[in-house]
Amino acid sequence: MSDWVIHTNLLTKKYRKQYSVKNLNLQVARGGVYGFLGHNGAGKTTTIKMLLGMVKQTSGNICIFDRNIKRDRKTILQKIGSLVESPTYYGHLTGHENLRVITRVLGLSEKHIQDALSLVRLTKDAHRLVKNYSLGMKQRLGIAAALIGNPELLILDEPTNGLDPAGILEIRDLITRLPKERGVTILISSHLLSEIEQTANYIGIINKGELVYQDTLDALKKQVKGRIELEVNQPMEAAHYLNRFGWHAYIDENKLCLDVTDKEKVAQTIRSLVQGSFDIFDFRRMEPSLENIFIELTGKEQSL
Ligand SMILES: Nc1ncnc2c1ncn2[C@@H]1O[C@H](COP(=O)(O)OP(=O)(O)OP(=O)(O)O)[C@@H](O)[C@H]1O
């Protein structure tokens, strides 16, 4: 058994001459939450639909549970729960009745319904009509439906889209609990870094169909540099002056900048500037931001 629940090799989808997904080598580890991040139109849904066999790849391979989707599609899909685009439900039925429709099709028992409702914390509201549910509750019902066959892998495409802050919190809580309580592996897509950052331990960033980053969230954080910005009387001269002492100062919007945030280095920089007789009018410490890295990797023109 490999470490990967999902493993794709050069996965590619072309619509006419346009690549939607290009040479994707996705590696989703067992038991964790994989955050699949990218701007709108980056190729997340297309990738997810290929994983679920809803869209046929142009080239490349998909292995899920160490099986090739081309050969073992049915066996693989039996172990996956998914929520792609908005969940479908009957508004005139209760949450419980909606799930019963699914268990009948799958030949599952009442216990499965109770279990799924309890996981998404909808037991109390199970006998209310779904048309009276909040958006967050409807989304949780969609996830309950995805969980009903006790899947090993849960794939959620932008599950918090359109939800209010309370709804987002509900889904976030659920995504954090499931791997711990059930050992489920989760792949969740989003265009919001802040969303993925809260729940995922592994990150894949897709940009214009290509994977531009894939590693742990911690590794991504290590790439993040903070910086200091100083307003000085002669910024260009000050940068040259500092660089003669081995600093890497640069100018951004007429501010003198250095990619340092640790206290000792900040103090040394200011001391050097004072010794060089530069006037310091203003000083700002810019804390490291994951968002900056995301923008760097995916292009500034599409900032979040
Ligand atoms: N059936 C299709 N025919 C032609 N082009 C398509 C089709 N489906 C998707 N695309 C194109 O593929 C690219 C990736 O779309 P996709 O929906 O996978 O992106 P996404 O990252 O999921 O974004 P969003 O969150 O907006 O859905 C887009 O340029 C889209 O227009």
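Above this note sits the structure.
Residues numbered from 1 in each chain as written. Predicted model: local features only at pLDDT ≥ 70, side-chain atom pairs only at ≥ 80, totals over all residues.

Asks: What am I meant to see in the overall build of the protein here?
Replies: Helix and strand counts for the protein come out as 11 helices and 15 strands. Taken against the 2.2 N^0.38 rule, which gives 19 Å for 304 residues, the C-alpha radius of gyration of the protein at 24 Å runs more than 25% over that of a compact globule. By principal-axis analysis of the C-alpha atoms, the protein measures approximately 80 × 45 × 35 Å. Considering the protein as a whole, with its 304 residues, one finds that 35% of them fall into the buried category. Within the protein, residue pairs in contact and separated by at least 24 positions form 69% of the contacts whose partners lie at least 6 positions apart. (Helix = DSSP H or I, 4+ residues; strand = E, 2+ residues; numbered from the N terminus. Rg over C-alpha atoms; globule rule 2.2 N^0.38 Å. Buried ≥ 20, exposed ≤ 12 C-beta atoms within 10 Å, placed from the backbone. Contact = placed C-beta atoms within 7 Å.)

Asks: Sorry if this is basic, but what is going on with the sheet that holds strand E14 (residues 255-258) here?
Replies: Pairing is antiparallel in the open sheet, where 4 strands are placed in the order E13-E14-E12-E15. Only two strands of the sheet have a single neighbouring strand rather than two, namely strand E13 (249-252) and strand E15 (280-286). Along the sheet, successive strands turn relative to each other by an average axial angle of 30°, direction set aside. Bridge analysis of strand E12 (residues 227-232) against E15 gives 6 bridges, and the strand direction is antiparallel. Looking across to E15, one finds that Glu-231 is bridged to Asp-282. Those strands touched by helix H9 (residues 235-244) are E12, E13 and E14, and its axis lies near 160° from that of E13. Here helix H10 (residues 263-275) sits on the sheet and contacts E12, E14 and E15; the angle it forms with E12, its principal contact strand, is near 20°. (Pairing = 2+ DSSP bridges. Axes fitted to C-alpha atoms, helices over the stretch in contact; angles between N-to-C directions.)

Asks: Honestly, the site of the ligand in this entry has me stumped. Any pointers?
Replies: Surveying the vicinity of the ligand reveals the residues Tyr-15, Ser-20, Gly-38, Asn-40, Gly-41, Ala-42, Gly-43, Lys-44, Thr-45, Thr-46, Glu-158 and His-191. The element best represented in the shell around the ligand is helix H1 (residues 44-51), accounting for 3 residues. Partitioning the shell around the ligand into residue classes produces 2 nonpolar, 8 polar and 2 charged. (Near = placed C-beta within 6 Å. Nonpolar A, V, L, I, M, F, W, Y, C, P; charged D, E, K, R; others polar.)

Asks: Help me understand the pairing of E12 in this model?
Replies: Every regular strand shows the same layout, with side chains that alternate between the two sheet faces. Alternating positions in E12 separate cleanly, Ile-228, Leu-230 and Val-232 being buried on one face and Arg-227, Glu-229 and Glu-231 remaining unburied on the opposite face. Two strands pair when backbone bridges link them, and E12 and E14 are joined in this way by 3 bridges, in the antiparallel orientation. Each residue of the ladder has a partner; that of Leu-230, found in E14, is Leu-256.

Asks: Explanation requested: the sheet that holds strand E11 (residues 210-216) in the structure shown.
Replies: Across a sheet, strands are paired by hydrogen bonds formed along the backbone, either parallel or antiparallel in direction. In space, the 6 strands of this open sheet follow the order E7-E8-E9-E4-E10-E11, with mixed pairing throughout. Both edges of this open sheet fall to strand E7 (80-83) and E11, since each of them pairs with a single strand only. Here the average twist between neighbouring strands, direction ignored, is 15°. With respect to the sheet, H1 is in contact with strand E4 (33-37), strand E8 (153-157), strand E9 (185-190) and strand E10 (202-207), its orientation differing from that of E8 by roughly 150°.

Asks: When you look at the environment of His-248 in this model, what are you seeing that I'm missing?
Replies: Within the secondary structure layout, His-248 lies in the loop between H9 and E13. Judged by the 11 C-beta atoms lying within 10 Å of it, His-248 falls in the exposed class. Along the primary structure His-248 and Asp-279 are separated by 31 residues, whereas in three dimensions their C-alpha atoms are 19 Å apart. Apart from the residues lying within four places of it in its own chain, the contact partners of His-248 are Asn-243, Leu-258 and Asp-259.

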